[in-house]
Amino acid sequence: GQQVMQIPQYQHVQEGEDFTTYCNSSTTLSNIQWYKQRPGGHPVFLIQLVKSGEVKKQKRLTFQFGEAKKNSSLHITATQTTDVGTYFCAGQAGTALIFGKGTTLSVSS
Amino acid sequence: KAGVTQTPRYLIKTRGQQVTLSCSPISGHRSVSWYQQTPGQGLQFLFEYFSETQRNKGNFPGRFSGRQFSNSRSEMNVSTLELGDSALYLCASSLGENSSPLHFGNGTRLTVT
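Source: prediction; values computed, not measured.

Q: Looking at this structure, how should I read the pattern of salt bridges?
A: Side-chain pairs of opposite charge can arise whenever the charged atoms involved come near each other. Residue and element names in this part refer to chain A. Enumeration over the complete set of coordinates arrives at seven salt bridges over all chains. D83 is the partner of R60 in a salt bridge, and the nearest nitrogen-oxygen pair spans 2.9 Å. Taken together, the positions of R60 in the loop between β6 (55-58) and β7 (61-65) and D83 in the loop between β8 (71-76) and β9 (85-93) put the pair 23 residues apart, joining distant regions of the chain. R60 sits in the partly exposed class, given a relative accessible area of 23%.

In structure tokens:
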């Protein structure tokens, strides 16, 4: 069945360092969404990418969708302690939205 | 607008029992999806309901079932509970179009002893 793989599973950084999480799908996606789940909280929608090669920015966060629409990345510049949490990508193929297992980011000050 | 409401927040059940979880979506949202979240397994898709019909189903045994009512509220039922069913169950609502983002509730934490 369709799978969405996300790496790394865990990442620890010092405050101010950059962070990147990668997402790969076994099939071509119609769109990809990113969510953030703070510790003890629920996933919250961050952004959606639809077009091949699309790049979107939200302040220090940069999201990319690959040319083949099978991979995506989220890059955070100069991490802050408020960035702590688990970041999930979710790929849409047909009517099913399949989540990756997430990357848990911890930040030490 | 009120967010997605899930009840109860916490449940403790014993093996073999059954449980029903409830989800009230955001007003106007016609799609409700259910996910199981466990450490290390991420968010595993259970099923999605749209306009009272199951539109998608994940790879869970038949002990897991759901339904959606005409007001879009949804319930999920798990019968013959097993220890491995202990998890956070998240409900998410959306407008129901393919590109619609999901709005998650706070979840129901189920513990099976």
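The rest of the description comes next.
Q: How do you make sense of the interface of chain A and chain B when you look at a structure like this?
A: Bring the parts together and some accessible area is lost; that lost area is often taken as the interface size. With 17 residues of chain A in contact, the opposing surface of chain B contributes 17 residues. Between chain A and chain B the total buried area reaches about 1500 Å² when both faces are included, carbon and sulfur atoms providing 51% of it. Our count for the contact surface shared by chain A and chain B stands at zero salt bridges. Between the two partners, chain A and chain B, sit four residue pairs in polar contact (both at pLDDT 80 or more). Those elements that place two or more of their residues in the side of chain A that touches chain B are β4 (31-37), β5 (44-49), β9 and β10 (96-99) of chain A. With four residues, β4 of chain A is the largest single contributor of residues to the side of chain A that touches chain B.

Conventions we followed
Counting of residues starts from 1 at the beginning of each chain's written sequence and follows it residue by residue. Throughout, the order in which chains and ligands are written sets their labels, letters from A for the former and numbers from 1 for the latter. Per-residue local features are limited, in this predicted model, to residues with pLDDT of at least 70; the limit for side-chain atom pairs, both in listing and counting, is 80 or more; totals at the level of whole chains, interfaces and linings are taken over all residues. As a rule here, side-chain values cover all heavy atoms of the structure and leave hydrogens and water aside. By salt bridge we mean one thing: a side-chain nitrogen of Lys or Arg within 4 Å of a carboxyl oxygen of Asp or Glu. Secondary structure elements are defined from DSSP: runs of H or I of at least 4 residues count as helices, runs of E of at least 2 residues count as strands, and each element is numbered from the N terminus. Relative accessibility thresholds used throughout: buried, under 20% of the residue-type maximum; exposed, over 50%; partly exposed, between the two (1.4 Å probe, protein chains only). By the convention used here, residues are in contact when the closest approach between their heavy atoms is within 4.5 Å. Note: buried area is the sum, over both parts, of the accessible area (probe 1.4 Å) each one loses when the two are combined. Any N or O atom pair separated by 3.5 Å or less is treated as a polar contact, with the protein-specific requirement of one donor-capable and one acceptor-capable atom, and with residues adjacent in sequence counted only for side-chain atom pairs.

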